Amino acid sequence: MAAGNERSMKALKEVWKRAENSLCADCGKPDPDWASSTLGVFICLSCSGIHRNIPSISKVKSLKMDYWDDAQVQFLAKHGNAVTKAIYEAHIPIYYYQPTYNDCQVLREQWIRAKYERKEFTEPGKQLPYSDGLKEGILWKRGRDNGQFLPRKFLLSEREGCLKYFTKQDAKEPKINVKIDVINATFQPEKIGNPNGLQITYLKDNKTRNIFVYHESGKEVVDWFNAIRSVQFHYLKVAFPIASDNEIKNRLTRNFLKEGYMEKTGPKQREAFKKRWFTLDHRRLMYFKDPLDAFAKGEVFVGSGENGYSVQKGLPSGTQGNFSWHYGITIVTPDREYLFTCETETDQLEWIRAFTSVINQAMTPQEYAIEAYFKFKS
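By the naming in an unreviewed UniProt entry, the protein chain is ADAP1 protein, taken from Pycnonotus jocosus. What UniProt states about the protein chain under its Subcellular location (unreviewed entry) heading is, verbatim, "Cytoplasm".

As structure tokens, then:
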């Protein structure tokens with residue numbers, strides 16, 4: 001018996017060591033140490049918890065702590081991540097967001113359920129709930145002024161190229177009507193205080209407007225997210241006919257590069273530093289009094305190094321404004337310096353890394369136009 005167990009463990013380790021199984025099959029996290037004995041995939045601890053919630057589809061076991069018999073090991077050897085992905089991920093729409101281990105629970109859970117439970121990607125041309133260019137339904141939206149979440153009807157239309165929402169079910173005119181190409185959507189469960197919280201932002205008069213929504217159903221809110229991406233993808237295919245699918249995919253919804261509290265002072269650099277919530281959305285650094293504000297109190301354009309932008313650790317000597325946090329950052333632009341302070345050195349270094357990643361990128365023609373707008377406004 002002991003010899004048989006030793007043989008099984010040796011065979012298991014051989015399968016486990018294959019390059020294809022070195023990343024979690026569902027989120028890409030390195031060194032997965034769990035596996036599904038019914039699907040044949042190697043997964044991380046976090047994804048194994050999601051698999052455990054669909055026991056009719058997947059039975060999970062630890063590769064380190066649980067016993068694997070010969071038949072189970074042979075099943076893993078025949079399948080593994082490459083073979084199983086070829087089955088369950090055969091026809092993923094290019095616009096569909098495939099989450100990583102850095103993404104929130106609802107995105108990862110619905111990705112796993114879409115693959116293995118609903119089998120959404122196993123057949124070509126399958127009609128999906130987010131793929132027909134039209135989606136209508138109720139989302140709970142946070143009020144701009146009172147902060148109360150109320151049910152609102154939303155309508156997404158590929159034909160009209162827009163997203164609308166209505167304050168009443170029978171309303172003839174929408175409260176907003178936003179062109180699809182100025183919309184971004186990103187999951188914000190912690191900020192919104194709901195595991196299915198979604199932040200929708202759009203540009204209005206070149207200013208960013210935030211809408212915070214959620215739905216009780218994780219599937220429904222993720223379907224909305226992918227429906228937005230689907231409509232955006234088809235809109236951009238028409239607008240940029242020579243662009244490749246991957247180029248267009250990279251222009252769909254995006255996560256913010258960095259968010260969190262910093263202190264800032266005014267342009268004279270003698271005012272007291274005030275605590276604000278900052279969001280870095282590529283070249284737009286926005287700051288808010290509260291993370292759930294509908295509009296930013298101000299925005300800073302972060303250009304490229306070759307155009308005179310840089311980030312420096314610390315504050316200029318002789319800075320006069322009073323500040324309570326002592327880890328300074330200076331953003332240098334062609335027109336002025338912006339001064340910020342962080343609560344911890346870790347925050348400071350993370351913000352500097354985020355700013356540096358933006359500054360090191362060359363600017364696009366569209367970004368030159370945005371820079372010109374910011375200069376005109378100031």
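Having put the structure on the table, let's press on.
### Digging into the sheet that holds strand β11 (residues 258–264)
Taken in spatial order, the seven strands of this open sheet run β14-β13-β12-β11-β17-β16-β15, and their pairing is antiparallel. The strands lining the two open edges of the sheet, one partner per strand, are β14 (298–301) and β15 (310–313). On average, adjacent strands in this sheet sit at an angle of 35° to one another, irrespective of strand direction. Relative to strand β17 (residues 337–342), β11 is paired through two bridges, and the arrangement is antiparallel. Following the sheet pairing, Glu 263 is matched in β17 by Thr 341. Sheet strands in contact with helix α9 (residues 345–359) are β11, β12 (274–281), β13 (284–288), β15, β16 (327–332) and β17, and its direction is about 160° off that of β15.

### Concerning helix α7 (residues 218–239)
Here α7 spans 32 Å end to end across 22 residues, near enough to the 32 Å set by a 1.5 Å rise per residue. Between the side-chain oxygen of the N-cap and the backbone nitrogen of Lys 219 there are 3.3 Å, and the N-cap of α7 in question is Ser 217.

### Considerations on the sheet that holds strand β2 (residues 42–43)
Strand order in the open sheet formed by three strands is β2-β1-β3, with antiparallel pairing between adjacent strands. Lying at the two open borders of the sheet, with one neighbouring strand each, are β2 and β3 (60–62). In this sheet, β3 lies alongside strand β1 (residues 34–36) in antiparallel orientation, the contact comprising three bridges. When the sheet's bridge partners are listed, Ser 36 is paired in β3 with Val 60.

### Some details on the domain arrangement of the protein chain
For the protein chain, the assigned domains are domain 1 (1–117), domain 2 (134–250) and domain 3 (258–376). For domain 1 versus domain 2, the distance between C-alpha centres works out to 33 Å. Listed by partner, the interface residues are eight residues for domain 1 and 17 residues for domain 2. Taking both sides of the interface into account, the surface hidden between domain 1 and domain 2 amounts to around 1,100 Å²; carbon and sulfur atoms contribute 73%. Considering only the surface of domain 1 that becomes buried against domain 2, Ile 94, Tyr 95 and Val 106 emerge as the three largest contributors, covering 54% of it. Connecting domain 1 to domain 2 are zero salt bridges. Taken together, the links from domain 1 to domain 2 amount to two residue pairs in polar contact (both at pLDDT 80 or more). A per-class count over the side of domain 1 that touches domain 2 returns seven nonpolar, one polar and no charged.

### Here we look at the nonpolar core
The biggest cluster of nonpolar side chains holds 54 residues, and the ones touching the most others in it are Ile 43, Leu 156, Ile 183, Phe 187, Leu 198 and Ile 200. For this core, the leading source of residues is α7, giving nine residues. In this structure, this core is formed jointly by two domains, domain 1 (1–117) and domain 2 (134–250), each of which donates at least three residues.

### Describing the pattern of salt bridges
Using the criterion set out here, one finds 21 salt bridges in the structure. Residue Glu 14 is joined to Lys 17 by a salt bridge in which the shortest nitrogen-to-oxygen separation is 3.6 Å. One salt bridge in this structure joins Glu 120 and Arg 118, with 2.7 Å as the shortest N-O distance. Using a relative accessible area of 6% as the deciding quantity, one classes Glu 120 as buried.

Cut-off values and rules
Residues numbered from 1 in each chain as written. Predicted model: local features only at pLDDT ≥ 70, side-chain atom pairs only at ≥ 80, totals over all residues. Heavy atoms only, no water. UniProt positions renumbered as here; feature names shortened; annotations may be inferred. Pairing = 2+ DSSP bridges. Helix = DSSP H or I, 4+ residues; strand = E, 2+ residues; numbered from the N terminus. Axes fitted to C-alpha atoms, helices over the stretch in contact; angles between N-to-C directions. Contact = heavy atoms within 4.5 Å. Expected span 1.5 Å × (residues − 1). Polar contact = N/O pair within 3.5 Å; in protein donor to acceptor, adjacent residues only side chain to side chain. Domains from an automatic or database assignment. Buried area = accessible area lost by both parts, 1.4 Å probe. Salt bridge = Lys/Arg side-chain N within 4 Å of Asp/Glu carboxyl O. Nonpolar A, V, L, I, M, F, W, Y, C, P; charged D, E, K, R; others polar. Core = buried A, V, L, I, M, F, W, Y, C linked by side-chain atoms within 4.5 Å. Buried < 20%, exposed > 50% of the residue type's maximum accessible area, 1.4 Å probe, protein only.

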